[in-house]
Amino acid sequence: GQNIDQPTEMTATEGAIVQINCTYQTSGFNGLFWYQQHAGEAPTFLSYNVLDGLEEKGRFSSFLSRSKGYSYLLLKELQMKDSASYLCAVVAGDYKLSFGAGTTVTVRA
Amino acid sequence: GAVVSQHPSWVICKSGTSVKIECRSLDFQATTMFWYRQFPKQSLMLMATSNEGSKATYEQGVEKDKFLINHASLTLSTLTVTSAHPEDSSFYICSARGEREEYEQYFGPGTRLTVT
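These numbers come from a predicted model, not from an experiment.

The rules behind each value
Residues numbered from 1 in each chain as written. Chains lettered and ligands numbered in written order. Predicted model: local features only at pLDDT ≥ 70, side-chain atom pairs only at ≥ 80, totals over all residues. Heavy atoms only, no water. Salt bridge = Lys/Arg side-chain N within 4 Å of Asp/Glu carboxyl O. Helix = DSSP H or I, 4+ residues; strand = E, 2+ residues; numbered from the N terminus. Buried < 20%, exposed > 50% of the residue type's maximum accessible area, 1.4 Å probe, protein only. Disulfide = S-S within 2.5 Å. Contact = heavy atoms within 4.5 Å. Buried area = accessible area lost by both parts, 1.4 Å probe. Polar contact = N/O pair within 3.5 Å; in protein donor to acceptor, adjacent residues only side chain to side chain. Nonpolar A, V, L, I, M, F, W, Y, C, P; charged D, E, K, R; others polar. Pairing = 2+ DSSP bridges. pLDDT = per-residue confidence, 0-100. Core = buried A, V, L, I, M, F, W, Y, C linked by side-chain atoms within 4.5 Å. Phe/Tyr/Trp six-rings, centres within 6.5 Å; stacked < 30°, edge-to-face > 60°. Lys NZ or Arg CZ within 6 Å of the ring centre and 35° of its normal.

## Comments concerning the pattern of salt bridges
If the charged atoms of two oppositely charged side chains come close together, the side chains can form a pair. In this structure the tally under the stated criterion is 5 salt bridges over all chains. Close ionic contact of E56 of chain A with K76 of chain A constitutes a salt bridge, the shortest N to O distance being 3.4 Å. Remark: K76 of chain A occurs in the loop between β8 (70-75) and β9 (84-92) and E56 of chain A occurs in strand β6 (residues 53-57); sequence separation between them is 20 residues. Classification of K76 of chain A by relative accessible area gives partly exposed; the value is 24%. With a shortest N-O distance of 3.4 Å, E22 of chain B and R24 of chain B are connected by a salt bridge.

## Some details on the state of the cysteines
Put plainly, a disulfide is one covalent bond tying together the sulfur atoms of two cysteines. All names here are of chain A. Evaluation of the coordinates by the stated rule reveals 2 disulfides over all chains. Between the sulfur atoms of C22 and its disulfide mate C88 the distance is 2.0 Å. Looking along the S-S bond of the C22-C88 disulfide, the torsion reads about -70°, which is the left-handed sense. Of this pair, C22 sits in strand β3 (residues 18-25) while C88 sits in strand β9, and the two are 66 residues apart along the sequence. Using a relative accessible area of 0% as the deciding quantity, one classes C22 as buried.

## As for the interface of chain A and chain B
At the interface, 19 residues of chain A touch 20 residues of chain B. Both faces considered, chain A and chain B share a buried interface measuring about 1,500 Å² in area, 61% of it formed by carbon and sulfur atoms. Of all residues in chain A, Y95, K96 and F99 of chain A bury the most surface against chain B, accounting for 36% of the area lost on that side. Note that K96 of chain A is salt-bridged to E59 of chain B, the shortest N-O span being 2.9 Å. Along the contact surface separating chain A from chain B lie 4 residue pairs in polar contact (both at pLDDT 80 or more). Of all the elements in the fold, those that place two or more residues in the side of chain A that touches chain B are β4 (29-37), β5 (44-49), β9 and β10 (97-99) of chain A. Top element by residues in the side of chain A that touches chain B is β4 of chain A. It accounts for 4 residues. Among the residues making up the side of chain A that touches chain B, the classes are represented as 12 nonpolar, 4 polar and 3 charged.

## Topic: the pairing of β6 of chain A
Residue and element names in this part refer to chain A. Relative to strand β7 (residues 60-65), β6 runs antiparallel, the two being bridged by 5 bridges. Looking at β7, one finds that E56 is bridged to S61. Linkage of β6 to β7, two consecutive antiparallel strands, is achieved through a turn of 2 residues, within which G58 is found at a positive phi near 65°.

## Describing the confidence of the model for chain B
Chain-level statistics for chain B give a pLDDT mean of 92 and a share of 97% at 70 or above. Predicted confidence in chain B is weakest over strand β7 (residues 67-73) of chain B, with a mean pLDDT of 91, and strongest over strand β11 (residues 111-115) of chain B, with 97.

## Some words on unusual backbone geometry
Look at the link from H7 of chain B to P8 of chain B: it is a cis peptide, with omega at 0°. Residues other than glycine seldom take positive phi values, yet E77 of chain A does so here, at roughly 45°. Relative to the assigned elements, E77 of chain A resides in the loop between β8 and β9. The backbone of K41 of chain B sits at a positive phi, close to 60°, despite the residue not being glycine. Looking at the secondary structure, you find K41 of chain B in the loop between β4 (32-38) and β5 (45-51).

## Focus on the nonpolar core
One finds V4, W35, F67, L79, Y92 and L113 of chain B to be the most contacted residues of the largest nonpolar core, which totals 25 residues. Elements represented by at least two residues in this core include exactly β2 (10-13), β3 (19-25), β4, β5, β7, β8 (76-81), β9 (90-97) and β11 of chain B.

## Some thoughts on the packing of aromatic side chains
A full pass over the atoms with the stated rule returns 15 aromatic pairs over all chains. Centroid distance Y35 of chain A to F45 of chain A: 6.3 Å. Interplanar angle 80°. Geometry classified as edge-to-face. Residue Y35 of chain A is located in strand β4, and its partner F45 of chain A is located in strand β5; the two are separated by 10 residues in the primary sequence. Overall, the relative accessible area of 32% leaves F45 of chain A in the partly exposed class. Between F99 of chain A and Y36 of chain B the ring centres are 5.7 Å apart and the planes differ by 90°, which places this aromatic pair in the edge-to-face class. In this pair, F99 of chain A sits in strand β10 while Y36 of chain B sits in strand β4, so the two residues belong to two different chains. Note on accessibility: F99 of chain A and Y36 of chain B belong to one class, buried. Members of the aromatic cluster, joined through ring pairs, are F33, Y35, F45, Y48 and F99 of chain A together with Y36 and F107 of chain B. Over the ring of F67 of chain B we find K66 of chain B; its NZ or CZ atom is 5.9 Å from the centre of that ring.

The following block contains the structure:
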């Protein structure tokens, strides 16, 4: 199996930056996904990293270090609508996704 | 593109009855579909993987006789919760993997099941 760790909760102010870390231990690594999930809704795709480095997509960026088993999701210029749970998920060996427990981000005015 | 639907979006049933949840890929053919369960404030837990035309592969601890999965076509998979109990109340989410994308999964909107 895979061990995937991410913080449980984070709080930040509107307009600020928040970085959500994810560490994992796995074999046969085939990439890491970040999803956003609002309460009672399905996860929506944010990013996919399989190579080391930073992927930037608008206000959201995702970084991966395969050698360290580490990724982070960076949310810039936070908006109230960014309040949600952020899920780190690893693909290892086969096509199955293993999810972390999720990080609940609360954006305050 | 890559839209996945689920039906129903929510259902309430009595203990002991069975409930069927449908997952459809609307604009692509899904070679593989996945069923997840999510309890409040917890992450998604994979229940089973289904490939069109073959038996589903269940994760450890998931009862295959209780959670029946049928993937009869490339656009439809169904999950039937048999003899439902209150502890089966959860948010059930399906996802589909297309023919082109190697690892990305497209998620359905989820089905909220409440067993009374």
